[in-house]
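Coordinates in review
In case you want the letters, here they are:
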Amino acid sequence: MDLKLFGEVFLTLLVITDPPGMVPIFLALTGGRPAAERNRAAWQAVALALGVIVVFGVAGQTLLAYLHVELPALQAAGGLLLVLVALELLTGKADNPTQQSTTNIALVPLGTPLLAGPGAIVATMLFVQRADGFTDYAAIATAIAAVMIAVWLVLRFSGLIVKVLRPSGIEVLTRIAGLLLAAIAVQLIADGVAALVTAYARQA
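Residues numbered from 1 in each chain as written. Predicted model: local features only at pLDDT ≥ 70, side-chain atom pairs only at ≥ 80, totals over all residues. Heavy atoms only, no water.

**A few points about the overall build of the protein**
Rules: Where helices and strands are cited, they refer to DSSP runs of H or I of at least four residues and of E of at least two residues respectively, numbered from the N terminus. Taken over C-alpha atoms, the radius of gyration is set against a globule rule of 2.2 Å times the number of residues to the power 0.38. The rule is simple: take the accessible area with a 1.4 Å probe, protein chains only, and divide by the maximum for that residue type; under 20% is buried, over 50% is exposed, in between is partly exposed. Two residues qualify as a contact provided that any one of their heavy atoms is within 4.5 Å of a heavy atom in the partner residue. Residue exposure ignores everything except the shown protein chains as possible cover, and the areas themselves are Shrake-Rupley values with a 1.4 Å probe.
Along the protein, the regular secondary structure elements total eight helices and zero strands. Ordered by position from the N terminus, the helices and strands of the protein form the series α-α-α-α-α-α-α-α. For 204 residues, the compact-globule estimate of 2.2 N^0.38 gives 17 Å, and the protein sits close to it at 18 Å. Within the protein, the proportion of its 204 residues that are buried is 40%. Put simply, 89% of the contacts in the protein that link residues at least 6 apart link residues at least 24 apart. Summed over all atoms, the accessible surface of the protein reaches about 10,500 Å², with 70% contributed by carbon and sulfur.

**Examining the layout of surface pockets**
Selection rule: Using only the protein atoms, space was sampled on a 1 Å grid; points where a 1.4 Å probe fits but cannot get out form cavities, open sets with protein on both sides within 12 Å along at least five of seven lines form pockets, and lining residues are those with an atom within 4 Å of a point. Grid points are joined across faces, edges and corners, and a volume is the space filled by probe spheres set on the points.
Of the voids in this model, the largest pocket is the one considered here, and its volume is about 320 Å³. Considering the residues around the largest pocket, the lining is formed by 16 residues, among which Ile 16, Thr 17, Pro 113, Leu 114 and Ile 184 are closest to the centre. Contributing elements (two or more residues each) for the lining of the largest pocket: helix H1 (3–17), helix H2 (19–30), helix H5 (102–115), helix H6 (118–130) and helix H8 (159–203).

Right, dumping it as structure tokens:
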């Protein structure tokens, strides 16, 4: 296995997924739930992210070409999804545990577009395009799995923070996470729109 490629893929995806940065958002969405539901949301989000990244790594170019969708459009769509979640966090609608199930939270926005977002998808597709032979593919696959395990460990043990913060601290953290998530969403949309405008300007 190519250890250099493994290290490159691992560090790139680890920076993009940003496990420490995911903790406030994860706790904001799941902090008021029992530990068992929080743990289930963690592994479901990681499993979905792993599946999405693998699918796009293997057949991303073909899938997007078939749907006539460009990567910047996918990026902007992810930003719009995050805007909706950020508004719920900021307005307090996400505080109602009966409003949405743990599975829904794990799938959107945790699994995608936060973990398996445009950045992780594009990076994986580029690494797969560069791969030459079985050893390179093995290095990429192992690195992706290692990153997902690291993310799961961080989310799994983030429950320790809940015990320290208590409900009042979780509420404050929820509002802060909503603000951060809104900023991430706006940046995603802006980058996607800018890329689309640039692409169409070159074609004109």
